[in-house]
Amino acid sequence: MIEVKGARKNSEALPFLNRIGLVERTERQTELQSRLQEARHIVQRRAMIEATGVHKSFGALPILKGIDLTVEEKELAFIIGPSGSGKSTFLRCLNRLEEPNSGAIIVDGVDILARTTNINAVRRRIGMVFQSFNLYPHMTAQKNVSLALRKVLRLPRREADERAMHALDRVQLAHKAKSYPSELSGGQQQRVAIARSIALEPRVMLFDEPTSALDPELVGSVLKVMRGLREEGMTMVVVSHEMAFARQAADKVIFMDHGRIVEQGTPEDIFSHSQSERTRTFLNQMER
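A. Structural detail: helix α7 (residues 216-232). End to end, α7 covers 26 Å across 17 residues, agreeing with the expected 24 Å (1.5 Å per residue, within 8%). For α7, every residue scored as buried is listed here: Val219, Val222, Leu223, Val225, Met226 and Leu229. Projection of α7 onto a plane perpendicular to its axis shows the buried side chains occupying an angular sector of 155°, all on one side. Residues of α7 that are exposed and point more than 90 degrees away from the buried face comprise Glu217, Lys224, Glu231 and Glu232.

Here it is, written out as structure tokens:
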């Protein structure tokens, strides 16, 4: 009888144990699928910008002394460093607003320094936002954005205006479409400049000190737009002194000094575990 009862208990337990096994197998399969998706994501990511051995001099003055940098697709790379370290010059080399003296730069698979490269076509895929807003004062926000669409992409007026409105909406300025630059705050003007760039649907965005000309209370609105672009998967290279933003949003932080990359890594690597005394000194000064 004892054996029979034991057998009966075992038989009753089997469905329960089977359910446990099924759950465990399902959990393992889910974990494997998650890892596979992550691996596929890593494999699918590719280099959007590859700079190798980039040198640039102004006359006898060397500015860039052999810059090597790779920025992957959908990555936000943040370049920091003291004034005069070559940050902005390097950024301008990435769309040939400055011509490097030597080296190689590949953007979205195109060798932009090759003689056969149509640099104007390449620049359509590289948006750039400067420290100054460079808006036409006699044009509304919408017209400032649509002008590039009509002149560069040759879009009809109506389509250009529609795309301009969509771009302004992305930077939370659709309600200011009919306003002139003089009627906008500095932060709003910079957001119009960002809208002008993203309306062309670039593959890469370059930001050269986009908040340095703004009053402190206006900086947040611009950083919010940049954070939104990052979440949408835009590849971005940013030169800025907004260290808090770099900590929160960057995938990679690059510290430059005297025309060279001293150190690069994740925000945690650079801000909390820097291997360079020069980097630590700079960050300590920025925190004062």
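B. Looking closely at the packing of aromatic side chains. Within this structure, the stated rule accounts for two aromatic pairs. Each ring, one from phenylalanine 255 and one from phenylalanine 282, has its centre 5.2 Å from the other, and the planes form 40°; the classification is tilted. Taken as a pair, phenylalanine 255 in strand β9 (residues 252-257) and phenylalanine 282 in helix α10 (residues 277-287) lie far apart in primary sequence, 27 residues in all. The burial state of phenylalanine 255 is the same as that of phenylalanine 282; both residues are buried.

C. Region of the structure containing the sheet that holds strand β8 (residues 235-239). Strand order across the open sheet formed by six strands is β6-β7-β8-β3-β9-β10, with mixed pairing between neighbours. The two strands at the open ends of the sheet, each matched to only one other strand, are β6 (126-129) and β10 (260-265). Averaged over all pairs of adjacent strands, the angle between strand axes in this sheet comes to 15°, irrespective of strand direction. Bridge count for strand β7 (residues 204-208) against β8 is five bridges, and the pairing is parallel. Paired with leucine 206 across the strands is valine 237, a residue of β8. Together, β3 (76-80), β9 and β10 form the strand contacts of α10, whose direction differs from that of β9 by roughly 100°.

Cut-offs and rules
Residues numbered from 1 in each chain as written. Predicted model: local features only at pLDDT ≥ 70, side-chain atom pairs only at ≥ 80, totals over all residues. Heavy atoms only, no water. Helix = DSSP H or I, 4+ residues; strand = E, 2+ residues; numbered from the N terminus. Expected span 1.5 Å × (residues − 1). Buried < 20%, exposed > 50% of the residue type's maximum accessible area, 1.4 Å probe, protein only. Arc of directions from axis to C-beta. Phe/Tyr/Trp six-rings, centres within 6.5 Å; stacked < 30°, edge-to-face > 60°. Pairing = 2+ DSSP bridges. Axes fitted to C-alpha atoms, helices over the stretch in contact; angles between N-to-C directions. Contact = heavy atoms within 4.5 Å.

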